[in-house]
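Each chain is listed here by its residues.
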Amino acid sequence: MSKVWRYGDHVDTDVIIPARYLNIADFKELSEHAMEDIDTSFAANVQPGDIMVAGRNFGCGSSREHAPIVLQQKGIKCIIADSFARIFYRNAINIGLPALEIGMEVEKIEAGDELTVDLAKGEINIVNKGITIHTNPLPEFVQKIADAGGLINFVKGAQ
Amino acid sequence: MGMTMTQKILAKHSGRDCVSVGDLLISQVDLILANDITGPPAIDEFNKIGKPVFDKNKIALVPDHFSPCKDIKSAEMCKHLRDFARQHEIKNYFEVGRMGIEHALLPDAGLIAPGEIIIGADSHTCTYGALNAMATGVGQTDVGAAMASGTTWFKVPKAIKVVLTGKKPRFVQGKDIILTIIGKIGVDGARYQSLEFCGEGISELTMADRFTICNMAIEAGGKNGIFPVDEKTIAFLQERGVTRSWQAVEPDADAEYDSVLNIVLDELVPVVAYPHLPENTHPAAESNNIIIDQSVIGSCTNGRLEDLAQAAEVLKGHKVHPHVRCIIIPATQEIYKKAMALGYIDIFIDAGAAVSTPTCGPCLGGYMGILAHGERAISTTNRNFRGRMGHVDSEVYLASPYTAAASAVMGHIADPGEVLK
Ligand code: SF4
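Residues numbered from 1 in each chain as written. Chains lettered and ligands numbered in written order. Predicted model: local features only at pLDDT ≥ 70, side-chain atom pairs only at ≥ 80, totals over all residues. Heavy atoms only, no water.

Trainee: Please clarify how the overall build of chain B should be interpreted in this entry.
Mentor: Helices and strands together make up the secondary structure of chain B, namely 14 helices and 18 strands. The globule rule puts the C-alpha radius of gyration for 421 residues at 22 Å, and the 20 Å found for chain B is close to it. Within chain B, buried positions represent 65% of all 421 residues. Within chain B, contacts between residues separated by at least 24 positions form 77% of all contacts whose residues are at least 6 apart in sequence. Put simply, chain B shows about 14000 Å² of open surface, and 51% of that area lies on carbon and sulfur atoms. Looking at chain B, you have 39 positive and 49 negative side-chain charges, and the mean spots of the two groups are 3 Å apart. (Helix = DSSP H or I, 4+ residues; strand = E, 2+ residues; numbered from the N terminus. Rg over C-alpha atoms; globule rule 2.2 N^0.38 Å. Buried < 20%, exposed > 50% of the residue type's maximum accessible area, 1.4 Å probe, protein only. Contact = heavy atoms within 4.5 Å. Areas by Shrake-Rupley, 256 points an atom, 1.4 Å probe, with all protein chains shown as cover. Lys, Arg positive; Asp, Glu negative; His and termini not counted. Charge placed at Lys NZ, Arg CZ, Asp CG, Glu CD.)

Trainee: Honestly, the confidence of the model for chain B in this entry has me stumped. Any pointers?
Mentor: Reading predicted coordinates in detail is not appropriate for stretches of low pLDDT. Summing up the model confidence of chain B, the mean pLDDT is 97 and the portion of residues at 70 or higher is 100%. Reported confidences for the modelled complex are a pTM of 0.95 and an ipTM of 0.90. (pLDDT = per-residue confidence, 0-100.)

Trainee: It is not clear to me how the UniProt feature "domain: Aconitase A/isopropylmalate dehydratase small subunit swivel" (unreviewed entry) in chain A should be interpreted in this structure. Could you clarify?
Mentor: Mapped onto this numbering, the UniProt entry annotates "domain: Aconitase A/isopropylmalate dehydratase small subunit swivel" (unreviewed entry) at residues 33–102 of chain A. Strand forms 16% of residues 33–102 of chain A and helix 31%; the C-alpha atoms that close the span are 27 Å apart. (UniProt positions renumbered as here; feature names shortened; annotations may be inferred.)

Trainee: Looking at this structure, I do not really get the sheet that holds strand β10 (residues 224–226) of chain B. What am I missing?
Mentor: In any sheet, the strands associate via hydrogen bonds between backbone groups, in a parallel or an antiparallel arrangement. Residues and elements named next belong to chain B. Taken in spatial order, the 4 strands of this open sheet run β10-β9-β8-β11, and their pairing is parallel. Each end of this open sheet is capped by a strand with a single partner; those strands are β10 and β11 (259–264). Ignoring strand direction, the axes of neighbouring strands in this sheet form an average angle of 20°. By the bridge criterion, 3 bridges tie strand β9 (residues 193–198) to β10 in an arrangement that is parallel. Along β10, the bridge assignment pairs S194 with N224. Against the sheet, helix α6 (residues 174–185) touches β8 (158–165), β9 and β11, its axis set at about 135° to β11. (Pairing = 2+ DSSP bridges. Axes fitted to C-alpha atoms, helices over the stretch in contact; angles between N-to-C directions.)

Trainee: Explain the site of the ligand to me, please; I cannot follow it from the model alone.
Mentor: Residues and elements named next belong to chain B. Near the ligand there are 13 residues, and of these H124, C300, C360, C363 and N382 occur at the shortest range. Of the residues that constitute the shell around the ligand, the class distribution is 5 nonpolar, 5 polar and 3 charged. Each of domain 1 (15–264) and domain 2 (273–416) contributes no fewer than three residues to the shell around the ligand. (Near = heavy atom within 4 Å. Nonpolar A, V, L, I, M, F, W, Y, C, P; charged D, E, K, R; others polar. Domains from an automatic or database assignment.)

Structure below.
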């Protein structure tokens, strides 16, 4: 079961990982600053397998892939949002971090909820509330990138 | 079904006669961009593939964000980029001293032409849509993969048709137009969509206005922004030595748009976007009560010669308010030199402003003008997210060079008309 880290609308890449730290090339070191401008407790307390849940336009702003990477480094297993900003969504797919866009249904998920997510079936269970949310499976092409373990392996395999 | 400009360019680069919204495509790219932040990890991804670069003339690497390097860590990242550029004989690597902010530099270097596809590991790559190109930001893994394959994947976007009509008032420029648009549709109003500009009002806009407008398409969540070609575009391409053959792309008459936004230029006023989102747009004239500590004029949004000309027009014969630091950053070396020849740099220094070599610097809170706790800046940059320019409890107000310069003089946010009667 996964713990939920719940945030609001328009969480931008500057708060996911502030630009002032982008001179740090080591992603593990960098990830210690994840979310710190809006949530100083996140980096210290997040556990591998936890899930991030947010509102509209998650990951808006910069193209920095450091944003999904630091969340992945911190053990976030998947991100669920009402909607994602385009480049963030693309980056998450390319590095193999599942991003589920579920629209208004996301409002059923609150901080402290416990989730199980079945990516293959596209099912999110809010265990403590006994609610199941059904999502669309990934588009086939995107699924292929995911199956290859990310874009780089996908491109390698295509040769 | 007809296609938009963006859809036509995508179709052509994917070997298709036509495409529809939602189609997933593998497309050829004409230019791939990375900078000193995104380049090093893109190179690491590229190296995992174990292939040579697809074309050493179609990659541009620009160390502009923390460069001239602000510390040892950024120096290591720039070195990584430089070493790669030398090893792979990347033609368009721009070293300090010949460098500029990527999105001002590449069009000026003649690297962008109508109908081309440009991807960059930088969200403001969408700037080049001003030249009728399909240009969009991607991540560093995308760039690493594309440097090997010369291709990338796209989903065909829906479109918003933005119809510009009327005449631009005296102090209204590209920044006011795009901030007004974002204020209307919101920071996710164009999410996953292209902003397709049209209408006779376009002829009113300088190329600098168009670059500024397309630059901030991403601030509305857009995939790209794109203008048609007119005589100003052609003059720009000629001046910039673009001699390779290119073809202007026009939308089909029956192209499908998700929505239409009408902007009457005569109705616009100088505006300011309040913290912490670019959609919080208010008239500058109604913001007089906001005291500022710093005014930044520069960036890929508003660091072009026309922008500096506007700042000089305001600052000439005036002094920066004693409580304000005014920092002016020409976007490229060439712009810097021209500004010097035109006397702008003297005007800036005489007014009491600091003038810097080209760099992104304060725009992303890197260096060269970081804000302390509780400080407030007006800035011609494109993002006012929390902590963007320094301390998490500092504030950034986005505006045009006219408005930022007028505010620097007054010490509070001011409409340009307050200084230039
Ligand atoms: S000037 Fe600012 S927005 Fe433009 S490329 Fe540099 S950091 Fe990004």
